[in-house]
Structures are given as structure tokens and as C-alpha cells.
2 protein chains.
Amino acid sequence: MYVILVYDMDKRRVGKMLKLCRQYLNWIQNSVFEGEITEVKLKELLAYAKLIMDEKTDSLIIFKSRQEGWLEKEVIGKEKNELDNLI
Amino acid sequence: MYVILVYDMDKRRVGKMLKLCRQYLNWIQNSVFEGEITEVKLKELLAYAKLIMDEKTDSLIIFKSRQEGWLEKEVIGKEKNELDNLI
């Protein structure tokens, strides 16, 4: 499945989260990742993320799209990480 | 169509972009919006966004899903803006 992951975290924990998410997904913008991932790997990523986060104050949101083609991506301005369009 | 909008902008312009995006979509997290929007309204939003942005340094990404049900949302930690799950 194709996912978009965004997080909003305390500055002290952002470095660790960035490092973690980079192992599973593609960094595309400040606190935003995207990529193809299996259900098992996503569960693994989220388990590690929970160890890093303070779930009372930090926020992580995952948007899942079962089909890669169901999502269309448009970039305006600087593409921070040159990734092909999804289609 | 259902969209997710994320931006990564110079601090001096973030306030204006936040104000603009709030008129069209739901704020869910730092620099992240989601919501149902028509093609016409999305064009309008992007035209105004381009007036605010410095396209050489700022970045705005839109993920479009033609069907609302094609996107599944999972929130971990603090839901910054209480919005129903998409399904």
C-alpha cells in the first residue's frame, strides 16, 4: 500500500523520528514522508515511532491508499526531494 | 475530491498561508491540511498560494484522491484537530 506520513513533534524528538522514518519511507518535505510499504513493515515502523513519541503531546498521522494509482501528487514551488509523480 | 495539503515555507510567510488554507481545508497538524474540495476551488487556492509563496525556496505538495473512501487515516498520539476518521 502507498502511505503518506506526517508528524508534528517536540523539537527534542524530531531527529530520532526523522532517522526512523527514513528507514521505511521517502522524505519529501519537513516532517512529511511518502512511499510504498507493507502492512507488516508499517506496523513495525509505528511500534518504533511510539517508543520515540510522547503520545500526549506529539502527533503522527498516516494516510493509507491501498492502490498507488489512487493518489495524485502535485508539487508547487521547490521540490525538496526529487521524487517522481505517483502516477 | 479529497486532498491532503502540506507546505514547508519560510517562517515569514507561514501565517499568511495558514490563513489562506484555513478558508478551503481543515487544519489537522502543523503545516498539514485535509478536506473535500472541488477542482475549481483547488485551482483558486493554489493561485492564491502562489502569490504568497517564494517558489524558489518554499514547497507546497497536494495529494489528491478522487474518492474519499480511497484514503484511510490513522492518528497516533495527540489528534491536534478532532476530525472524524475518513472512512
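Residues numbered from 1 in each chain as written. Chains lettered and ligands numbered in written order. Predicted model: local features only at pLDDT ≥ 70, side-chain atom pairs only at ≥ 80, totals over all residues. Heavy atoms only, no water.

Chain A appears in an unreviewed UniProt entry as CRISPR-associated endoribonuclease Cas2 from Arenibacter certesii. Checking UniProt for chain A, the heading Sequence similarities (unreviewed entry) contains the comment "Belongs to the CRISPR-associated endoribonuclease Cas2 protein family." A UniProt comment under Subunit (unreviewed entry) is attached to chain A, and it reads "Homodimer, forms a heterotetramer with a Cas1 homodimer." (UniProt positions renumbered as here; feature names shortened; annotations may be inferred.)

## Observations concerning the layout of surface pockets
Of the voids in this model, the largest pocket is the one considered here, and its volume is about 410 Å³. As for the largest pocket, its lining consists of 14 residues, and the residues nearest its centre are K11, N30 and S31 of chain A together with K11 and N30 of chain B. Residues that form the lining of the largest pocket fall into these classes: six nonpolar, four polar and four charged. (1 Å grid on protein atoms, 1.4 Å probe; cavity = no way out; pocket = protein on both sides within 12 Å on 5 of 7 lines; lining within 4 Å. Points joined across faces, edges and corners; volume = space filled by probe spheres on them. Nonpolar A, V, L, I, M, F, W, Y, C, P; charged D, E, K, R; others polar.)

## Focus: the pattern of salt bridges
On inspection of all chains with the given rule, the structure shows 18 salt bridges over all chains. R12 of chain A is the partner of D10 of chain A in a salt bridge, and the nearest nitrogen-oxygen pair spans 2.8 Å. Across the salt bridge formed by R66 of chain B and E72 of chain A, the nearest N and O atoms sit 3.7 Å from each other. Placement of R66 of chain B in the loop between strand 4 (59-65) and strand 5 (71-77) and of E72 of chain A in strand 5 (residues 71-77) is noted, with the two residues assigned to different chains. The network of salt bridges with shared partners includes K64 and R66 of chain A together with E72 and E74 of chain B. (Salt bridge = Lys/Arg side-chain N within 4 Å of Asp/Glu carboxyl O. Helix = DSSP H or I, 4+ residues; strand = E, 2+ residues; numbered from the N terminus.)

## So, the UniProt feature "binding site: Mg(2+)" (unreviewed entry) in chain A
Residues annotated in UniProt with the feature "binding site: Mg(2+)" (unreviewed entry) correspond here to D8 of chain A. Structurally, D8 of chain A can be placed in strand 1 (residues 2-8). Discounting chain neighbours no more than four positions away, the residues touching D8 of chain A are D58 and S59 of chain A together with Q29, N30 and K80 of chain B. (Contact = heavy atoms within 4.5 Å.)

## Points about the sheet that holds strand 5 of chain B
With antiparallel pairing, the five strands of this open sheet are ordered in space as 2(A)-3(A)-1(A)-4(A)-5(B). Here the strands that pair on one side only, and so sit at the sheet edges, are strand 2 (26-29) of chain A together with strand 5 of chain B. The average undirected angle you get between the axes of adjacent strands in this sheet is 25°. Relative to strand 5 of chain B, strand 4 (residues 59-65) of chain A runs antiparallel, the two sharing seven bridges. If you follow S65 of chain A over to strand 5 of chain B, its bridge partner there is L71 of chain B. Taken strand by strand, helix 1 (residues 11-22) of chain A contacts strand 1, strand 2, strand 3 (32-36) and strand 4 of chain A, and its axis lies near 170° from that of strand 1 of chain A. (Pairing = 2+ DSSP bridges. Axes fitted to C-alpha atoms, helices over the stretch in contact; angles between N-to-C directions.)

## Section: the environment of Y48 of chain A
All names here are of chain A. Looking at where Y48 falls in the secondary structure, it is placed in helix 2 (residues 39-52). Y48 gets classed as partly exposed once you look at its relative accessible area, which sits at 43%. Separated by 26 residues in sequence, Y48 and E74 have C-alpha atoms that sit 30 Å apart. Setting aside chain neighbours within four positions, we find Y48 in contact with L20 and Y24. (Buried < 20%, exposed > 50% of the residue type's maximum accessible area, 1.4 Å probe, protein only.)

## Some words on the sheet that holds strand 4 of chain B
Strand pairing in a sheet is mediated by backbone hydrogen bonds. Such pairs are either parallel or antiparallel. If you walk across this open sheet you meet the five strands as 5(A)-4(B)-1(B)-3(B)-2(B), and the pairing is antiparallel. The open sheet has two edge strands with one neighbour each: strand 5 of chain A together with strand 2 (26-29) of chain B. Recorded for the sheet is a direction-independent mean angle of 25° between the axes of neighbouring strands. In the sheet, strand 1 (residues 2-8) of chain B pairs with strand 4 of chain B via seven bridges, with the strands oriented antiparallel. Across the sheet, I4 of chain B pairs through a bridge with F63 of chain B, a residue of strand 4 of chain B. Together, strand 1, strand 2, strand 3 (32-36) and strand 4 of chain B form the strand contacts of helix 1 (residues 11-22) of chain B, whose direction differs from that of strand 1 of chain B by roughly 170°.

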